[in-house]
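# Summary of structural features
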Protein chains: 2
Amino acid sequence: MKIAVDAMGGDHAPKEIVLGVMQAVAQYKDIEILLFGDETKINEYLTDKTRVKIIHTDEKIESDDEPVRAVKRKKKASMVLAAQAVKDGEADACISAGNTGALMSTGLFVIGRIKGIDRPALAPTLPTVTGKGFVMLDLGANAEAKPEHLLQFGLMGSVYAEKVRKIDRPRVALLNIGTEETKGNDLTKKAFELMKNQDAYEFIGNIEARDLLMDVADVVVTDGFTGNMVLKSIEGTGAAFLSMLKMSLLNGFKNKVAASFLKKDLMALKAKMDYSEYGGACLFGVQAPVVKAHGSSNANGIFTTIRQVREMVEKQVVETIIAEVDKVKVGGTEAND
Amino acid sequence: MKIAVDAMGGDHAPKEIVLGVMQAVAQYKDIEILLFGDETKINEYLTDKTRVKIIHTDEKIESDDEPVRAVKRKKKASMVLAAQAVKDGEADACISAGNTGALMSTGLFVIGRIKGIDRPALAPTLPTVTGKGFVMLDLGANAEAKPEHLLQFGLMGSVYAEKVRKIDRPRVALLNIGTEETKGNDLTKKAFELMKNQDAYEFIGNIEARDLLMDVADVVVTDGFTGNMVLKSIEGTGAAFLSMLKMSLLNGFKNKVAASFLKKDLMALKAKMDYSEYGGACLFGVQAPVVKAHGSSNANGIFTTIRQVREMVEKQVVETIIAEVDKVKVGGTEAND
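In this text, all values refer to a predicted model and were calculated from it rather than measured experimentally. (Residues numbered from 1 in each chain as written. Chains lettered and ligands numbered in written order. Predicted model: local features only at pLDDT ≥ 70, side-chain atom pairs only at ≥ 80, totals over all residues. Heavy atoms only, no water.)

Let us look at the domain arrangement of chain A. Residue and element names in this part refer to chain A. Examined at the domain level, chain A breaks down into domain 1 (1–116 + 285–330) and domain 2 (118–282). Summarising the inter-unit geometry, the C-alpha centres of domain 1 and domain 2 are found 24 Å apart. Listed per partner, the contact involves 26 residues of domain 1 and 27 residues of domain 2. For the pair domain 1 and domain 2, the summed buried area comes to about 2200 Å², and 69% of that belongs to carbon and sulfur atoms. Ranking the residues of domain 1 by area buried against domain 2 places M104, Q308 and V328 at the top, with a combined share of 23%. Linking domain 1 with domain 2 are one salt bridge. The closest approach of N and O atoms between K166 and E311, which form a salt bridge, is 2.8 Å. Counting every contact that joins domain 1 to domain 2 gives six residue pairs in polar contact (both at pLDDT 80 or more). Only α5 (100–111), β12 (290–292), α10 (299–314) and α11 (317–324) provide two or more residues apiece to the side of domain 1 that touches domain 2. (Domains from an automatic or database assignment. Contact = heavy atoms within 4.5 Å. Buried area = accessible area lost by both parts, 1.4 Å probe. Salt bridge = Lys/Arg side-chain N within 4 Å of Asp/Glu carboxyl O. Polar contact = N/O pair within 3.5 Å; in protein donor to acceptor, adjacent residues only side chain to side chain. Helix = DSSP H or I, 4+ residues; strand = E, 2+ residues; numbered from the N terminus.)

What follows covers the environment of K329 of chain A. You can see K329 of chain A is positioned in the segment after α11. A sequence separation of 131 residues divides K329 of chain A from Q198 of chain A, and the C-alpha atoms of the two residues are 9.1 Å apart.

A few words on the pattern of salt bridges. Counted by the stated rule, this structure contains 27 salt bridges over all chains. Measuring nitrogen to oxygen at the nearest pair gives 3.0 Å for the salt bridge that ties D30 of chain B to R310 of chain B. With D30 of chain B in the loop between α1 (15–27) and β2 (32–37) and R310 of chain B in helix α10 (residues 299–314), this residue pair connects regions lying 280 residues apart in the sequence. Note on R310 of chain B: relative accessible area 13%, which makes it buried. Through salt bridges with shared partners, a single ionic network connects K132, R171, D215 and D218 of chain A. (Buried < 20%, exposed > 50% of the residue type's maximum accessible area, 1.4 Å probe, protein only.)

Right, let's get into the packing of aromatic side chains. Residues and elements named next belong to chain A. Under the criterion given, the structure shown has seven aromatic pairs over all chains. Ring geometry for F192 against F203: centres 5.3 Å apart, planes inclined by 75°, an arrangement best described as edge-to-face. Pair noted here: F192 is in helix α7 (residues 186–196) and F203 is in strand β9 (residues 202–207), with a separation of 11 residues, a long-range link. A relative accessible area of 16% means that F203 is categorised as buried. Over the face of the ring belonging to F109 we find K72, whose NZ or CZ atom lies 5.6 Å from the ring centre. (Phe/Tyr/Trp six-rings, centres within 6.5 Å; stacked < 30°, edge-to-face > 60°. Lys NZ or Arg CZ within 6 Å of the ring centre and 35° of its normal.)

Before going further, it helps to spend a moment on the interface of chain A and chain B. Contacts between the two partners involve 45 residues from chain A and, on the opposite side, 45 residues from chain B. For the pairing of chain A and chain B, the buried interface totals around 4600 Å² over both sides, and the portion due to carbon and sulfur atoms is 73%. Counting across the chain A and chain B interface gives four salt bridges. The closest approach of N and O atoms between R210 of chain B and E235 of chain A, which form a salt bridge, is 2.9 Å. Between the two partners, chain A and chain B, sit eight residue pairs in polar contact (both at pLDDT 80 or more). Within the residue set of the side of chain A that touches chain B, elements represented by two or more residues are α7, α8 (224–249) and α9 (253–273) of chain A. Here the element with the most residues in the side of chain A that touches chain B is α8 of chain A; it accounts for 19 residues.

All names here are of chain B. Reading across from one edge, β3-β2-β1-β4-β12-β11-β5 is the order of the seven strands in this open sheet, with mixed pairing throughout. The open sheet has two edge strands, β3 (52–56) and β5 (121–123), and neither has a second partner. On average, adjacent strands in this sheet sit at an angle of 25° to one another, irrespective of strand direction. (Pairing = 2+ DSSP bridges. Axes fitted to C-alpha atoms, helices over the stretch in contact; angles between N-to-C directions.)

Moving on: the side chain of T320 of chain B. Residues and elements named next belong to chain B. Mapping T320 onto the fold places it in helix α11 (residues 317–324). The class for T320 is buried, based on a relative accessible area of 13%. A polar contact of 2.6 Å, which involves the side chain of T320, links it to the backbone oxygen of Q316. The contact partners of T320, leaving out residues within four places of it in the chain, are V159, K163 and K315.

As a rule of thumb, nonpolar side chains are buried together in soluble globular proteins. Ranked by size, the top nonpolar core spans 64 residues in total, and within it M136, L175 and L212 of chain A together with M136, L175 and L212 of chain B carry the most contacts. Among the secondary structure elements, those contributing two or more residues to this core are β7 (134–137), β8 (171–175), α8 and α9 of chain A together with β7 (134–137), β8 (171–175), α8 (224–249) and α9 (253–273) of chain B. (Core = buried A, V, L, I, M, F, W, Y, C linked by side-chain atoms within 4.5 Å.)

Residues and elements named next belong to chain A. Running from amino to carboxyl end, helix α6 (residues 147–163) crosses α7 at an angle of 50°, the nearest separation of the two axes being 8 Å. Comparing their axes, α7 and α6 come out oblique. Handedness of the crossing formed by α6 with α7: right-handed. Between α6 and α7, the contacting residues are P147, E148, L150 and L151 on the first element and L187, K190, A191, L194 and M195 on the second. Of the residues in the contact of α6 with α7, the class split is seven nonpolar, no polar and two charged. (Parallel < 35°, antiparallel > 145°, perpendicular 65-115°, else oblique. Left-handed = near helix turned anticlockwise from the far one by under 90°. Nonpolar A, V, L, I, M, F, W, Y, C, P; charged D, E, K, R; others polar.)

This paragraph deals with the sheet that holds strand β9 (residues 202–207) of chain B. Residues and elements named next belong to chain B. The strand order across the open sheet formed by five strands is β6-β7-β10-β8-β9, and the pairing between neighbours is mixed. Where the open sheet ends on each side, the last strands, each with one partner, are β6 (125–126) and β9. The pairing of β6 with β7 spans two bridges and is classified as antiparallel. Counterpart to L126 in the pairing with β7 is F134. Contacts from helix α7 (residues 186–196) reach β8, β9 and β10 (219–221), with the element oriented near 160° to β8.

Attention shifts here to a nonpolar patch on the surface. All names here are of chain A. Taken together, F253, V257 and F261 make up a surface patch of nonpolar side chains, about 320 Å² in accessible area. Position of F261 relative to the elements: it lies in helix α9. Taking the relative accessible area as the measure of exposure, F261 reaches 41% and is therefore partly exposed. (Patch = residues over 30% accessible without salt bridge, like charges linked within 9 Å, V, L, I, M, F, W, Y side chains within 5 Å. Areas by Shrake-Rupley, 256 points an atom, 1.4 Å probe, with all protein chains shown as cover.)

Following this line, the structure appears as structure tokens:
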């Protein structure tokens, strides 16, 4: 299979992208990588060209570019060309660690939406205290959502959790402000009804944000605005907690000594909350796997994301979503344009 | 001043409520307490009746009662009678550690809304890493909100932060999925416009959920659905983190010894994240101070909440909101019924 990689996106591009690519081709003999970006800079790090092809371009999308405009104007940007290669059938999937909004626009405008899916959704896998993790969507691809969008998100998350995360009958839950069926705003109340009345996936009802990290569901569905808020709350609280813990541990000689004994376990705790091990965030709802690697990805993060995308292609995640989307079709949606 | 207290609400009622009341009357000579509930049970703990009057009732609202129905049916419930005393001018404010939804309904139906405020808002003070804390509203009084509601929330939070938390020109921020003015959903985009164009309080723009605990604002405004999600995400992440930390610290003899050295500092860290020190959650928008003490409040939590309510009465928080509400009036709202 062929995977298109944007060599110029992310905080440590192109170095860590290229190193991650070399790690992946060495490990997986069935993949070829198309690397899009500045050939000279890429060649500084690309010491082995086995199954790696460089497609040179000078243009790239910056992290602070306005997404939609950037995608429309920078037609030769490394990210856009990577998506174009997928569209043209030259690659099976694409990866970027660059501008998230631009990657979503690229996926939508260049590769195109799956018929029957009204809105794409951005879906990272987040950590749980058990180490199992869960898929959450949408985490910000759309600021507004309708009930049928959430219904469709459930299907996409479930297919991914089953095929790639190898979870049998994934538990799909709706994020809400209470667990009772009658709780929530208009959106969640209507979405609950739709999700309850389908049988394409295993809907287990509402869950509350407080229980997210406690392994209560394998797939958690929410609108992009709420999802973004919740993800950032979790990240912010984790960061605040770690910074306070660090201050405590460095507070005086006695604490420093005690902390040195705990160092290994505390690092393990920090690692447990670092979800880059689960790979990047998938853009579900487009006609090929498109995955956003974390902006701060190092070589290992890129390797992990390539491994994830390889699984998505091999297990036919997109094909399965296309095949099953009719099962959750709701009358009166704008689905079939 | 007179403060009406629901003796029967909360996990440790009436014992901890009564003990907290005695602590408060001993400390503040200018307050009288009206205690609503089961006289026999209250008398088990009430060893000093100085400036404390019991109003007996057998009825109470349970934590799992459906709020609106309970308030309508249980007209003699301790919580409802406490609010009625405020309505009748027999008390200046009321407090309960019971059913949050029922207290909001009681405040709204019994005490009544301030003219010009369309929706009440529930507002706890949350912790920051600096220990300063911030007021956040709405945390769940309404699942749906309009832009003008958020505009009004800003005023109420600002008055409280200035009068009770003694912050000069409190920084009022809008919780959003990005800091740029153009970010967000319809609600936050329109609310941003309204908040930017008023001068009743100091609007500092959008803040992201990730920065909430970093002391970036004194008042944070959001709709009740999002606020509830964010609060529970913060609580859930904090709890998950503490539980993982505890497991690490008890992992083997060496860690247990090291942990014992750190115990005091780790307890301090936990205390820092415990926001009951800031008092209860205020129900803003009703015609007298109504405060929800934490359900698990001990005597000290009740004492803290009484101290907070005393400040609210003394500093005329509600009167100030009433006097200033016209400053944020928006044409075409349902404000003036």
